[in-house]
Amino acid sequence: MKLNSFLLPALAGVAAADSAPRHAEAYMLRHAKQASPADPPSIPNSLAEAILLQRLSSPDQPAALGQIPQSLDEDDAVSYINQFAKPARPLFDGLDADADEPKQLVIAFEGVTASQYEQLKAAIPRVPLAFTAPGLGRLPAKVSSRCAFGPSINPKESDSSRCWSGKTQYLQYDVAKDGNIIQQLSLNLAALKSYANEGLMETTIVFLDSSSDELRRRQLNFQKDRVAGSTAASDKTFVSSTHGGQGDKVYDAFAGRPTAVPSCFASQNACETATASCSGHGVCVDRWGKDATDRTCFFCHCGKTVEKGGGYKGGDEQREHVYYWGGATCQKRDVSTPFWLFAGVSITLVATIAFSIGLLFTVGEEKLPGVIGAGVSRSK
């Protein structure tokens, strides 16, 4: 008897959980009457999200359907798009075609529990279930109205000029926080059906999958904790390697954060390990080695390398090229000397040409002397 009294509440909880929606559901009120499928299809959440965003699109703000999920056959995906998406406009239709299209309203409900799910189902009787979408959470769309529920779903221009902007409307409600919204939906269902029959507005009612939002929040919190832990670890490594004592603290200069390489290392081993032996282009030396001090400051003293063939294919193998290196880890090639040589020669050449042209122009502007015309006699 005691066992039965213990199991009955548990079984009741299981039964209530079974009646709760395990995935998102979309109900549609459309102008064009379509036969409701006996078994509504279950489509991937990415395709369902793209279809809902396409219904909220407009010529000014189009929405792309994106790529077809790999788990879905291409023919099936095209069939679902033709069934549930907003009809595509003809290519050469004018601007008057927009006036004939019905407005689009999408109402999303989140935080739906088992009991609230039954209340929502009772609030929209005989509204056909279009499709289901496992894992469909919040839509990446902005709620377009802050008015009350009644004016927000009224597509008539005179009554909803303050609550509508354009020809689409997206509303989202948390059933757990706003318990009155289910009653509002039930009271205005007849008006929504009337708008759909008249061709003024088509309505899509979506019960979002609350488990997907909870999973996303957990993933986001996990990523934040992971980033915070890695940041603290890298900061600790930076402090211990730059301000360490006699121990050989290692600082990995290429580990990501922080990106700055210390100007001093506690030992030669730490310097060589952190900078990969100065990238093979220098040596770690003590800045105060020549002075009799207790301080140690090892840094990379960059040198030069000699390569044959110029370091590229097709070069003269017998010709040697000398390269100089710089940077905190000697990772940068020093091109200051060739740059200044090239820049100096170029500037000098341009100045010489400009001076020559100016000199020729100045000489050409001078008047010719009168001696040239002295031997020329005027014809009679």
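Treat the numbers as computed from the prediction; the structure is a model and nothing was measured.

Rules and cut-offs
- Residues numbered from 1 in each chain as written.
- Predicted model: local features only at pLDDT ≥ 70, side-chain atom pairs only at ≥ 80, totals over all residues.
- Heavy atoms only, no water.
- Pairing = 2+ DSSP bridges.
- Helix = DSSP H or I, 4+ residues; strand = E, 2+ residues; numbered from the N terminus.
- Axes fitted to C-alpha atoms, helices over the stretch in contact; angles between N-to-C directions.
- Buried < 20%, exposed > 50% of the residue type's maximum accessible area, 1.4 Å probe, protein only.
- Contact = heavy atoms within 4.5 Å.
- Left-handed = near helix turned anticlockwise from the far one by under 90°.
- Nonpolar A, V, L, I, M, F, W, Y, C, P; charged D, E, K, R; others polar.
- Disulfide = S-S within 2.5 Å.
- Core = buried A, V, L, I, M, F, W, Y, C linked by side-chain atoms within 4.5 Å.
- Arc of directions from axis to C-beta.
- Polar contact = N/O pair within 3.5 Å; in protein donor to acceptor, adjacent residues only side chain to side chain.

Chemist: Before we move on, can you summarise the sheet that holds strand S4 (residues 168–174) with the specific residues and values?
Modeler: The mixed open sheet is built from five strands, whose spatial order is S3-S1-S5-S2-S4. Each edge of the open sheet carries a strand with a single partner, namely strand S3 (129–133) and S4. Between one strand and the next, the sheet's axes are offset by a mean angle of 15°, whatever the strand orientation. By the bridge criterion, seven bridges tie strand S2 (residues 103–110) to strand S5 (residues 201–207) in an arrangement that is parallel.

Chemist: How would you summarise the pairing of strand S1 (residues 24–29) if you had to cite specific residues and measurements?
Modeler: Buried residues dominate S1, accounting for six of its six residues. Of the two faces of S1, the one lined by Ala 24, Ala 26 and Met 28 and the one lined by Glu 25, Tyr 27 and Leu 29 are each fully buried. The pairing of S1 with S3 spans four bridges and is antiparallel. Its bridge partner lying in S3, Tyr 27 is registered against Leu 129. For S1 and S5, the ladder comprises five bridges, and the chain directions are antiparallel. Within S5, the residue paired with Met 28 across the bridge is Thr 204.

Chemist: So, the sheet that holds strand S9 (residues 320–326): which residues are in play, and what are the values?
Modeler: Judged by pairing direction, the sheet is antiparallel, and its three strands sit side by side in the order S8-S9-S10 without closing on themselves. Lying at the two open borders of the sheet, with one neighbouring strand each, are strand S8 (304–308) and strand S10 (332–334). Each neighbouring strand pair of the sheet contributes to a mean axis angle of 45°, computed without reference to strand direction. With three bridges connecting them, S9 and S10 associate as antiparallel partners. Across the sheet, residue Tyr 324 finds its bridge partner in S10, namely Asp 334.

Chemist: Account for helix H2 (residues 45–55), with residues named and values stated.
Modeler: When we look at burial in H2, the residues that qualify are Leu 47, Ala 48, Ala 50, Ile 51, Leu 52, Gln 54 and Arg 55. For H2, the elements touching its buried residues are S1, helix H3 (74–84), S2, S3, S4 and S5.

Chemist: Requested: an account of the packing of H2 against H3, with residues and values cited.
Modeler: Where H2 meets H3, the axes come as close as 10 Å, and the angle between the chain directions of the two elements is 35°. Classified by chirality, the crossing of H3 by H2 is right-handed. Between H2 and H3, the residues in contact are Leu 47, Ile 51 and Arg 55 and Ala 77, Tyr 80, Ile 81 and Phe 84, respectively. Considered class by class, the residues forming the contact of H2 with H3 number six nonpolar, no polar and one charged.

Chemist: An account of the state of the cysteines is needed here, citing residue identities and associated values.
Modeler: Per the counting criterion, the structure on display carries five disulfides. Between the sulfur atoms of Cys 264 and its disulfide partner Cys 297 the distance amounts to 1.8 Å. Across the S-S bond linking Cys 264 and Cys 297, the dihedral sits near -70°, which makes this disulfide left-handed. With a gap of 33 residues between them, Cys 264 in the loop between helix H10 (210–242) and helix H11 (268–274) and Cys 297 in the loop between strand S6 (282–286) and strand S7 (298–302) connect regions that are remote in the sequence. Classification of Cys 264 as partly exposed rests on a relative accessible area of 28%. Judged by its relative accessible area of 1%, Cys 297 is buried. Across the disulfide, Cys 271 is cross-linked to Cys 284 (sulfur-sulfur distance 2.2 Å). In this structure, the disulfide formed by Cys 271 and Cys 284 twists by about -80° around the S-S bond and is classed as left-handed. Of the two residues, Cys 271 sits in helix H11 while Cys 284 sits in strand S6, which places them 13 residues apart along the sequence.

Chemist: With reference to specific residues and values, describe the nonpolar core.
Modeler: Within the largest apolar cluster, 28 residues are counted, with the highest numbers of intra-cluster contacts made by Ile 107, Phe 109, Leu 120, Ile 124, Leu 185 and Phe 207. At the level of elements, S1, S2, helix H5 (114–123), S4, helix H8 (181–187), helix H9 (189–198) and S5 are the ones that each hand at least two residues to this core. Per-element accounting of this core gives the leading share, four residues, to H9. The next biggest cluster of nonpolar side chains, apart from the first, holds 25 residues, and it includes Ile 43, Tyr 80, Ala 85 and Val 106.

Chemist: Outline H3, supporting the account with residue identities and numerical values.
Modeler: Ala 77, Tyr 80, Ile 81 and Phe 84 are the residues of H3 that are buried. Looking straight down H3, one finds that the buried residues subtend no more than 100° of arc, so they occupy a single side. Exposed residues on H3 whose side chains face more than 90 degrees from its buried face are Asp 75 and Asn 82. Measuring from the side-chain oxygen of the N-cap residue of H3 to the backbone nitrogen of Asp 75 gives 3.1 Å; that N-cap residue is Asp 73.

Chemist: For the environment of Asn 269, give the residues involved together with the corresponding values.
Modeler: Of note, Asn 269 is situated in helix H11. Since its relative accessible area comes to 41%, Asn 269 is described here as partly exposed. Residues Asn 269 and Cys 284, 15 residues apart in the sequence, show an inter-C-alpha distance of 8.7 Å.

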